[in-house]
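# A closer look at the structure
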Amino acid sequence: MDWLNEHLDGVSCFALQITAIRIGDSAPAPQFKLIASPNEWVRVVRRSAAGREELSETRLERIRFWEELREYGSRQRGPNPFTRKAGPRSYYDVRMGRADIVVNLGMLLQQQLQRITFYVQTDNAKEIFDQLYRQRKSIEAQLGNPLVWDRGEDSRKSIQIFLERPRDFLDPVQREQALQWFYEKTEEFTRVFTPLIR
């Protein structure tokens, strides 16, 4: 399937694994698992080579990394939170059930930093921040790390709470560690913050 996606221009191929599951005495129901899908990095490189889009090496590297993260997530036992299309940006958003609240993954190549952020952009962002800040000790204990709390005083509608660490994304060992860290921290941030924003 991957070979077809790499060599067929204008065609996207998908492979699904279909199994039957039963809960209690219910009738069997189909369960679908995505096994293979088009790789956005290959598509972007094709468009760039055809002269339709000019991408720097940094932007191509970001697409490669976000595609690797999507593939890493699909190989894990739990649900894959990385279902959105990979792009050339320095960040990748994971939705939390609301369009105005995301877990934002940051790949800062020049600074060699990896960042995960609980990001809110809405009219009542400051109220949400204040509510969460009152629970700061509990949140940090559940996550096992102190966080940076940015109330966004220079912005009326956005706040961010984040954790970052040094990371060289071009080093193969650190890159694999970055994939694992993003996967684990995304699960933790989602588990801890989701009940607090309902």
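Data block above holds the structure.
Presented here is a report on the structure given in the accompanying data block. What you are looking at is a predicted structure, and each value in this text was computed from that prediction instead of being measured. (Residues numbered from 1 in each chain as written. Predicted model: local features only at pLDDT ≥ 70, side-chain atom pairs only at ≥ 80, totals over all residues. Heavy atoms only, no water.)

## Describing the overall build of the protein
How we decide: Secondary structure counts use DSSP, requiring at least four H or I residues in a row for a helix and at least two E residues in a row for a strand, with both numbered from the N terminus. Accessibility here uses a 1.4 Å probe with only protein chains present; expressed as a share of the type maximum, an area under 20% marks a residue as buried, one over 50% as exposed, and anything in between as partly exposed. The contact rule is simple, with two residues in contact once any of their heavy atoms fall within 4.5 Å. Methods summary: accessible areas were calculated by the Shrake-Rupley approach with a probe of 1.4 Å, and residue burial reflects only the protein chains presented.
A tally of helices and strands in the protein yields six helices and seven strands. The N-to-C order of helical and strand elements in the protein reads α-β-β-α-α-β-β-β-α-α-β-β-α. A buried classification covers 39% of the 198 residues belonging to the protein. Across the protein, contacts joining residues at least 24 apart in sequence account for 51% of those joining residues at least 6 apart. Carbon and sulfur atoms form 50% of the exposed surface of the protein, whose accessible area is close to 11,900 Å².

## What to know about a nonpolar patch on the surface
Going by this rule: Here the term patch refers to residues with relative accessible area over 30% and no salt bridge, with like charges joined within 9 Å and nonpolar side chains (Val, Leu, Ile, Met, Phe, Trp, Tyr) within 5 Å. What counts as a salt bridge is simple: a side-chain nitrogen of Lys or Arg found within 4 Å of a carboxyl oxygen of Asp or Glu.
A grouping of L16, I18 and F32 is seen on the molecular surface, where their side chains present a nonpolar patch of about 340 Å² in accessible area. For L16, the position within the fold is in strand β1 (residues 15–21). Here L16 falls in the exposed class, since its relative accessible area comes to 52%.

## Here we look at the packing of aromatic side chains
This is how the line gets drawn: Stacked, tilted and edge-to-face pairs are distinguished by plane angle, under 30 degrees for stacked and over 60 for edge-to-face with tilted covering the rest, among Phe, Tyr and Trp rings (Trp via its six-membered ring) whose centres lie within 6.5 Å. Think of it as a cone above the ring: NZ of Lys or CZ of Arg counts as a charge over the ring if it is within 6 Å of the ring centre and within 35 degrees of the ring normal.
Scanning all chains against the criterion turns up 14 aromatic pairs. Put simply, the rings of F65, W66, Y72, F82, Y92, F169, W181, F182 and Y183 pair up and form one aromatic cluster. In this arrangement the basic side chain of R115 is found over the ring face of F162, its NZ or CZ atom lying 4.3 Å from the centre.

## Remarks on the nonpolar core
Keep this limit in mind: To define a nonpolar core, start from buried Ala, Val, Leu, Ile, Met, Phe, Trp, Tyr and Cys residues and group those joined through side-chain atoms within 4.5 Å.
Grouped together as the largest cluster of nonpolar side chains are 39 residues, with contacts concentrated most on L105, F118 and F193. Where this core is concerned, the elements lending two or more residues are α3 (57–75), β3 (91–98), β4 (101–108), β5 (113–121), α4 (125–133), α5 (136–143), β7 (158–166) and α6 (172–193). Broken down by element, this core gets its largest block of residues, eight residues, from α6.

## Some thoughts on the packing of α5 against α6
Where we set the bar: To get an axis, a line is fitted to the C-alpha atoms, and for a helix only the part in contact is used. The angle between two axes follows their N-to-C directions and goes from 0 to 180 degrees. Crossings are sorted by hand: turned counterclockwise from the far helix by less than a right angle, the near helix makes the crossing left-handed, and turned clockwise it makes it right-handed. Side-chain classes follow a simple rule in which Ala, Val, Leu, Ile, Met, Phe, Trp, Tyr, Cys and Pro form the nonpolar group, Asp, Glu, Lys and Arg form the charged group, and the remainder, Gly included, forms the polar group.
In the contact formed by α5 and α6, the axes pass within 10 Å of each other and the chain directions differ by 145°. Note that α5 runs across α6; the crossing there is right-handed. Where α5 abuts α6, its residues I139, Q142 and L143 lie against K185, E188, F189, R191, V192 and F193. Class assignment for the residues of the contact of α5 with α6 results in five nonpolar, one polar and three charged.

## Notes on the sheet that holds β5
Selection rule: Two strands make a pair as long as DSSP finds a minimum of two bridges between them.
Strand order in the open sheet formed by five strands is β3-β4-β5-β7-β6, with antiparallel pairing between adjacent strands. In this open sheet, the two strands that pair with only one neighbour each are β3 and β6 (148–150). Between one strand and the next, the sheet's axes are offset by a mean angle of 20°, whatever the strand orientation. Direction of pairing for β3 relative to β4: antiparallel, over a ladder of six bridges. Paired with V94 across the two strands is V103, which belongs to β4. Contacting β3 and β4, α3 runs over the sheet at an angle of about 125° to β4.

## What to know about unusual backbone geometry
Excluding glycine, a negative phi dihedral is what most residues carry, and trans is how most peptide bonds are arranged. Look at Q112: it is not a glycine, yet its phi comes out positive at around 55°. The residue Q112 is located in the loop between β4 and β5 in this model.

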